[in-house]
Amino acid sequence: MLRRLAPGMRRVRATPAPFRRAFSSSKDTKGLQEAIYKVFMGSNIAYSSAVIGVAIFGGMAYDSAFEALWKANNRGKLFEDVIEQRFPNPPEGTEPDEEDDEDDDDDDDDE
C-alpha cells in the first residue's frame, strides 16, 4: 500500500547497520558467532558462569566508574577533603596507631 503512495521512496531497514553487520551470517562473522556460542552458551554451566562473571566484573566496573565520577564532581565537599582542611592537626589519641611488633607476642606465655 505504501509503495503505491510513494513509489520513489526506497525501503529502509529498521535494524541499525553495525548491529546488522555484527549478527549477519557472512563468512567472516559466522566463525566468530560459532566460537562465542560454543564458549559461552555451549552448556548450562558455561552460560551460568559467563552470566555470573559478567555480573560481578560489570558491577565492579560500574561502581568504580561512578565512584570516580562522583568524586570528580564533588571535589572539596567530601568528608576526606573537609576533615583534612578543618582539622590539619588532630588531637593526640585520635591518630591511627602504628602497629607495635612487641605486643604481638603476648599470647605466647608458655616460654
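For clarity, every value in this text was computed on a predicted model and none was experimentally measured. (Residues numbered from 1 in each chain as written. Predicted model: local features only at pLDDT ≥ 70, side-chain atom pairs only at ≥ 80, totals over all residues. Heavy atoms only, no water.)

## Digging into the overall build of the protein chain
Put simply, the rule is: Only DSSP runs of H or I covering at least 4 residues are called helices, and only runs of E covering at least 2 are called strands; the numbering of each starts at the N terminus. Exposure categories follow from relative accessible area, calculated using a 1.4 Å probe and restricted to protein chains: below 20% of the type maximum is buried, above 50% is exposed, and the middle band is partly exposed. Accessible surface area values rest on a Shrake-Rupley calculation with a 1.4 Å probe, where residue burial reflects the displayed protein chains alone.
Tallying secondary structure elements over the protein chain gives five helices and zero strands in all. Counting from the amino terminus, helix and strand elements in the protein chain follow one another as α-α-α-α-α. In the protein chain, buried positions account for 4% of the 111 residues. As displayed, the protein chain has an accessible area near 11200 Å², and 56% of this comes from carbon and sulfur atoms.

## Things to note about a negative patch on the surface
Here is the rule: Note on patches: the residues involved have over 30% relative accessible area and no salt bridge, like charges join within 9 Å, and the nonpolar side chains Val, Leu, Ile, Met, Phe, Trp and Tyr join within 5 Å. Salt bridges, as used here, are contacts in which a Lys or Arg side-chain nitrogen is within 4 Å of a carboxyl oxygen on Asp or Glu. Here Asp and Glu are counted as negative and Lys and Arg as positive; His is not counted, and neither are the chain ends. All charge positions are set by atom: Lys at NZ, Arg at CZ, Asp at CG, Glu at CD.
Negative charge collects at one region of the surface, where D63, E67, E80 and E84 lie side by side. Listing elements by their share of the negative patch, those giving two or more residues are α4 (44-73) and α5 (79-86). Take D63: it is sitting in helix α4.

## What to know about the packing of aromatic side chains
Convention followed: Aromatic rings from Phe, Tyr and Trp, with only the six-membered ring used for Trp, were paired whenever their centres fell within 6.5 Å, and each pair was classed as stacked if the ring planes differed by under 30 degrees, edge-to-face if by over 60, and tilted otherwise.
All told, the structure shown has one aromatic pair when counted by the stated rule. Arranged with centres 4.6 Å apart and planes meeting at 45°, the rings of Y62 and F66 form a pair that is tilted. Taken together, the residues Y62 and F66, both in helix α4 and four residues apart, mark about one turn of the helix. The partly exposed category is assigned to F66, whose relative accessible area is 44%.

## Looking at the confidence of the model for the protein chain
Under the convention used in this document: Each residue carries a pLDDT score, the predictor's own confidence in it, on a scale running from 0 to 100.
Mean pLDDT over the protein chain stands at 76; residues scoring 70 or higher make up 59%. Highest mean pLDDT in the protein chain belongs to α4 (95); lowest belongs to helix α1 (residues 2-5) (57).

## Digging into a nonpolar patch on the surface
Together, L32, I36, Y37, V39, F40, M41, Y47 and V51 make up a nonpolar patch on the protein surface, roughly 790 Å² of accessible area in all. If you list the elements that add at least two residues to the nonpolar patch, you get α3 (27-40) and α4. For the nonpolar patch, the leading source of residues is α3, giving five residues. On the secondary structure map, Y47 appears in helix α4. According to the relative accessible area criterion, Y47 is partly exposed, its value standing at 45%.

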